[in-house]
Structure formats: C-alpha cells, structure tokens
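These are the residues of each chain, in order.
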Amino acid sequence: MTKKIILSLVTAILGITVLHAQRTDRVILKNGTTIIGDVEKIIPEESITINDRAGNSWVFTMADVAEIDKVEVKRINGGSDVSLGWVNMSTIGVLAGSQQNNYIAPFSMHSSFGYFSGKGIYTGLLAGLEFLNINHIPLMADLQYALGRGDVVPVVIARGGYALPSKWEDSYHNTDYTYHGGIAGAIGVGLKIGSRDNFAWDVSLLYRHMQINYTESYEWQSFDNTYKDIYNRIEFRVGFYLGVKKL
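Keep in mind that what you see is a predicted model, and the values were worked out from it rather than measured. Numbering of residues begins from 1 in every chain and follows the order in which that chain's sequence is written. Under the rules for a predicted model, residues below a pLDDT of 70 receive no local features and side-chain atom pairs below 80 are neither given nor counted, while totals for whole chains, interfaces and linings still include all residues. With hydrogens and water set aside, each side-chain value is computed from the structure's full complement of heavy atoms.

**A closer look at a nonpolar patch on the surface**
Exposure above 30% relative accessible area and the absence of a salt bridge qualify a residue for a patch, where like charges join within 9 Å and nonpolar side chains (Val, Leu, Ile, Met, Phe, Trp, Tyr) within 5 Å. Note on areas: these come from Shrake-Rupley sampling with a 1.4 Å probe, and a residue is covered only by the protein chains present in the view. Any carboxyl oxygen of Asp or Glu within 4 Å of a side-chain nitrogen of Lys or Arg constitutes a salt bridge here. On the surface, a cluster of nonpolar side chains totalling about 480 Å² of accessible area is made up of I92, F107, M109, F131, F236 and V238. Contributing elements (two or more residues each) for the nonpolar patch: β7 (107-116) and β14 (224-242). A run of DSSP states H or I qualifies as a helix once it reaches four residues; a run of E qualifies as a strand once it reaches two. Both are numbered from the N-terminal end. When you line up the elements, F236 lands in strand β14. Its relative accessible area of 42% is what places F236 among the partly exposed residues. Here's how the labels work: a residue is buried when its accessible area is under 20% of the maximum for its type, exposed when over 50%, partly exposed in between, all with a 1.4 Å probe on protein chains only.

**Focus on a negative patch on the surface**
There is a patch of like negative charges on the surface, built from E169, D176, E219 and D224. We classify D224 as partly exposed; its relative accessible area is 48%. His is not counted here, nor are the chain ends, while Lys and Arg score as positive and Asp and Glu score as negative. Charged groups are reduced to one reference atom each: NZ for lysine, CZ for arginine, CG for aspartic acid, CD for glutamic acid.

**As for the packing of aromatic side chains**
The criterion for an aromatic pair is that two Phe, Tyr or Trp rings (for Trp, the six-membered ring) have centres within 6.5 Å, with stacked assigned to planes under 30 degrees apart, edge-to-face to planes over 60 apart and tilted to the rest. Per the counting criterion, the structure on display carries seven aromatic pairs. Between W86 and F113, the ring centres sit 5.7 Å apart and the planes meet at 10 degrees, which makes this aromatic pair stacked. Here W86 is found in strand β6 (residues 85-96), whereas its partner F113 is found in strand β7, with 27 residues between them in sequence. For W86, a relative accessible area of 56% corresponds to the exposed category. Under the relative-accessibility criterion, F113 is labelled partly exposed at 48%. Here the aromatic rings of F107 and F131 are separated by 6.0 Å at their centres, their planes lie at 35 degrees, and the arrangement is tilted. A residue pair is termed long-range when its members are at least 10 positions apart, and F107 in strand β7 and F131 in the loop between β8 (121-130) and β9 (136-146) qualify at 24 residues. Among the aromatic side chains, those forming a connected cluster through ring pairs are W86, F113 and Y115.

**With respect to the nonpolar core**
Formed by V87, M89, F116, Y122, A146, V153, V155, I157, A186, A200, L206 and Y241, the largest nonpolar core amounts to twelve residues. Mapped onto this core, the elements with two or more residues apiece are β6, β10 (152-165) and β13 (199-218). By residue number, the principal contributor to this core is β10, which donates three residues. Counting residues in each nonpolar core, the second largest holds nine residues, with M140, A163, M210 and Y231 among its members. We define a nonpolar core as any set of buried Ala, Val, Leu, Ile, Met, Phe, Trp, Tyr and Cys residues linked to one another through side-chain atoms lying within 4.5 Å.

**Quick look at empty space enclosed by the protein**
Buriedness for pockets is judged along seven lines, at least five of which must meet protein on both sides within 12 Å for an open set on the 1 Å grid over protein atoms alone, while cavities are sets there where a 1.4 Å probe fits but cannot get out, and lining residues have an atom within 4 Å of a point. Grid points are joined across faces, edges and corners, and a volume is the space filled by probe spheres set on the points. Counted by the stated rule, this structure contains one cavity of 30 Å³ or more. Of the pockets and cavities examined, the largest cavity occupies roughly 70 Å³.

**Quick notes on the environment of D170**
Mapped onto the fold, D170 is located in strand β11 (residues 169-172). A relative accessible area of 28% means that D170 is categorised as partly exposed. Sequence separation between D170 and E216 is 46 residues; the distance between their C-alpha atoms is 9.8 Å. Excluding its chain neighbours within four sequence positions, the residues that come into contact with D170 are T175, D176, Y177 and Y179. Throughout, a residue-residue contact means that at least one pair of heavy atoms, one from each residue, lies within 4.5 Å.

**Description of the environment of F60**
Inspection of the secondary structure puts F60 in strand β4 (residues 57-61). With eleven residues separating them in the primary sequence, F60 and T49 have C-alpha atoms 6.6 Å apart. Among all residues touching F60, those that are not within four sequence positions of it are L29, I35, E46, S47, I48, I50 and V65.

**Examining the pattern of salt bridges**
In this structure the tally under the stated criterion is seven salt bridges. Linking D25 and K70 is a salt bridge whose minimum nitrogen-to-oxygen distance equals 2.6 Å. With a gap of 45 residues between them, D25 in strand β1 (residues 22-29) and K70 in strand β5 (residues 65-73) connect regions that are remote in the sequence. Judged by relative accessible area, which is 12%, D25 ranks as buried. Owing to a relative accessible area of 47%, K70 belongs among the partly exposed residues under this scheme.

**Considering unusual backbone geometry**
With a phi angle near 65 degrees, E45 is a residue other than glycine that sits in the positive phi range. For E45, the position within the fold is in the loop between β2 (34-43) and β3 (47-52). For E45, a relative accessible area of 79% gives the class exposed.

Next up, the structure:
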C-alpha cells in the first residue's frame, strides 16, 4: 500500500512536466504587486476582480492598477530555473503508521529556512516539534531539487539529521527513564503551488525513518535496560512557502 501511494504521487508529479505554455491574465498594481490568474470581471473606472491559481479571488480598485495584460506562463519548462533567494517553508502534518502502532498518526510541525539557488537546488536547516510518546524536536539538513519552474513546481526532497527529546529524564511507577533521541531522515516528493509573488502553497509526501533511544532504570535491579523505538512512517505535510520572488 505504501509503495502504491508513493508511486501514484510520483507519477502525478512527473505528469505535470508535460504541460504546455498557457496564456493567462496578469494584473500589476502601482505598488509593484503582481497577480496572475483569470480576470473574472472588470467594472470600468471602478474595479477589477481576478482569481489566482490557488483559488483566491482578489478585487482591486482601478485607481490602484498600473497595468492589465496577458502573459505566457510555462508551468514546467524542463529546466531548474527558480529565482534566487532566502526562503522559509513552514508545514504541519502527520506521521501515519499502521493500526498496530500505539501512535497511529502523531501530529508534526516543521519550519525550514535556507537558500534556493539558480540551479533549482534548495539547501536549508529544518527544525520542529513532533508529538510522539515523548515529544521530540527534529533537527535535519533539508535538501530539495526543483524539477522545473512556473506556477506549479514539483520537487524531490531528502532530509537527514537527529531528533532530540523535549525532556531528558522522567519517572513513572518507581522507574526512571532517560531519553537520548536518535537519527531521523526522510525522502519524498512535493509540490510548490504559487499564487502570487513571494508566496506558494507547499504540499509533500515522504517516507520517514526515525530512531528513538531511551534507558529504563529500576530500583530493584542493579543494571539498566536500553531500548530503541524505530518509526517507519508515511509523512504527509501541507503548509506555505515564503520568500522567493517567483517560483
């Protein structure tokens, strides 16, 4: 089932690369803001309504509009030509496991900050919080590669690092617990869905591997027991992407 889900998403993303150029409406405001989408209505000398590619509807007074025209948008052109810049990607998601897991789909929050080069390569540092049996803070290097440019950009994602426990010690029923954290990594695919300058929606599906190490100490025995919990999960995330002038 897991392989089928990942294969379906990869197939859909790769299918986007065959989309052809389209001509679409563009509204440029006097303050420099640009909205690309479909003009729904124009009231001469009063207002204009445009729907962007993310489904948002924008209404501007004509006094604020500098230019209205049509542009050719290449959703995917086969290159890796995203704009240069520092960006932030913040997402929420779940780490979905089987029905036999104690925590079937724990909640997860991530924020990644880094740089997107002109080669279509993003390198950054990711941190967050994940609500497992003991909450953990993932610290991972974040590497992404854009497979094109345009309003919809597919990316390949690889992450690796360490998950730190939110607390190092705990006691329960005369047993002392010491938490050590463990390695964490993920691979997968995603989409950046641009709606306006400097903003895009971020959707991703990844395979996550994580190890959580801890030690149990009992009052009635002289030795400690060390355990390792291994998490192999499907990671589904949604969020937003800020900072790049144009995807």
